[in-house]
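Remarks on the overall topology
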Amino acid sequence: MVLITLLLVAILACVHIFANGITSLNTMSKSKWLSFAGGISIAFVFVHILPELHNMQATLREEGRVSLLFERYLYIISLLGVLLFYGLERILIDMRENNTSKIPQSYKISIFWWHVCMFATFNLIIGYYLHHELIVYNFSTLFTFIALGFHLLIVDYSLLRHHESRYHNIGRWFMATAVFAGGVAGVFVTIPDIFSFALFALVSGAIVVNSFKEELPKDKENNYTFFLTGSIIYTVLLIL
């Protein structure tokens, strides 16, 4: 299991390292890849993440780990993930819509590191979760790995659009290191369920935000056929 975990997180790290190659594709190819990845990630949200959150919350309730006051504990944490990541996105959008030449360079650098550190934390949790899901679900973890790989591809594309050369030169290596470190941490550390489930819920909120923000095809960027194909294929694989 340890070797498989390290292999999977190493591949996810490589997604960050080489994802910038997608920016060199022509518009049509890029549209197809992003739409296909978007379909997979949206299916991952509805067919895997939401049922998994429900199961985790039920486990905590059965073990008596949460009181009636917190019977929606994980859903609240997931909502916090949505608010946190969407709030950061709004800052970036406002910065882009203003005259960026008037924004101090130090502020841009601060936003860059805030953005990268949040997603690096996201990656640490993904690496940790992947190892422990591998222990519980064995082969079926491959489908989670596939969805996360496509999701990270689009996260990279978004970060490259926002931060360009700064992300290419520094950020992608930071992200790659974080997901690998999360996998290593998962091998040696086991966090109590009430905390590990909360971390998963927080990441779930981030995935929901990024899925609807980046991965639902928009205007001329979309290729609905590839979006639909990715969604159907991944849903069928999960059901089987």
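The present account deals with the structure reproduced in this document. (Residues numbered from 1 in each chain as written. Predicted model: local features only at pLDDT ≥ 70, side-chain atom pairs only at ≥ 80, totals over all residues. Heavy atoms only, no water.)

Some points on the nonpolar core
The following threshold applies: Here, nonpolar core means buried Ala, Val, Leu, Ile, Met, Phe, Trp, Tyr and Cys residues that are tied together by side-chain atoms lying within 4.5 Å of each other. Burial classes follow relative accessibility: with a 1.4 Å probe on protein chains only, a residue under 20% of its type's maximum area counts as buried, one over 50% as exposed, and anything between as partly exposed. For helices the rule is a DSSP run of H or I covering at least 4 residues; for strands it is a run of E covering at least 2, with both sets numbered from the N terminus onward. Contacts: residue pairs with any heavy atoms within 4.5 Å of one another.
Grouped together as the largest cluster of nonpolar side chains are 62 residues, with contacts concentrated most on Leu74, Phe122, Ile126, Met175 and Ile207. Going through the elements one at a time, helix 1 (2–18), helix 2 (27–62), helix 3 (73–97), helix 4 (105–137), helix 5 (141–163), helix 6 (165–188) and helix 7 (193–215) are the ones with two or more residues in this core. The leading source of residues in this core is helix 5, at 12 residues. Excluding its chain neighbours within four sequence positions, the residues that come into contact with Met175 are His16, Val116, Phe119, Ala120, Asn123, Val155, Leu159 and Tyr167.

A few points about helix 1
Threshold: By this rule the span expected of a helix is its residue count minus one, scaled by 1.5 Å.
Look at helix 1: 24 Å from first C-alpha to last across 17 residues, which is about the 24 Å you get at 1.5 Å a residue. Buried residues in helix 1 make contact with helix 4, helix 5 and helix 6.

Examining the packing of aromatic side chains
Put simply, the rule reads: Stacked, edge-to-face and tilted are the three classes for Phe, Tyr and Trp ring pairs, Trp counted by its six-membered ring, which pair at centre distances within 6.5 Å; planes under 30 degrees apart are stacked, over 60 edge-to-face, the rest tilted. Over a ring means this: the NZ of a Lys or the CZ of an Arg is within 6 Å of the ring centre and within 35 degrees of the ring normal.
Enumeration over the complete set of coordinates arrives at nine aromatic pairs. Ring geometry for Trp113 against Phe174: centres 5.5 Å apart, planes inclined by 80 degrees, an arrangement best described as edge-to-face. Highlighted residues: Trp113 in helix 4 and Phe174 in helix 6, separated in sequence by 61 residues. On the basis of an interplanar angle of 70 degrees and a centroid distance of 5.9 Å, the ring pair of Phe119 and Phe122 is categorised as edge-to-face. Within this pair, Phe119 and its partner Phe122 are both found in helix 4, separated by three residues, close to a single helical turn. The exposure classification of Phe119 matches that of Phe122, with both residues buried. Members of the aromatic cluster, joined through ring pairs, are Phe85, Phe119 and Phe122. The ring of Phe112 carries the charged tip of Arg166 above its face, separated from the ring centre by 5.9 Å.

Brief notes about the environment of Val2
Its location among the elements puts Val2 in helix 1. Taking relative accessible area as the criterion, Val2 reaches 39% and is therefore assigned partly exposed.

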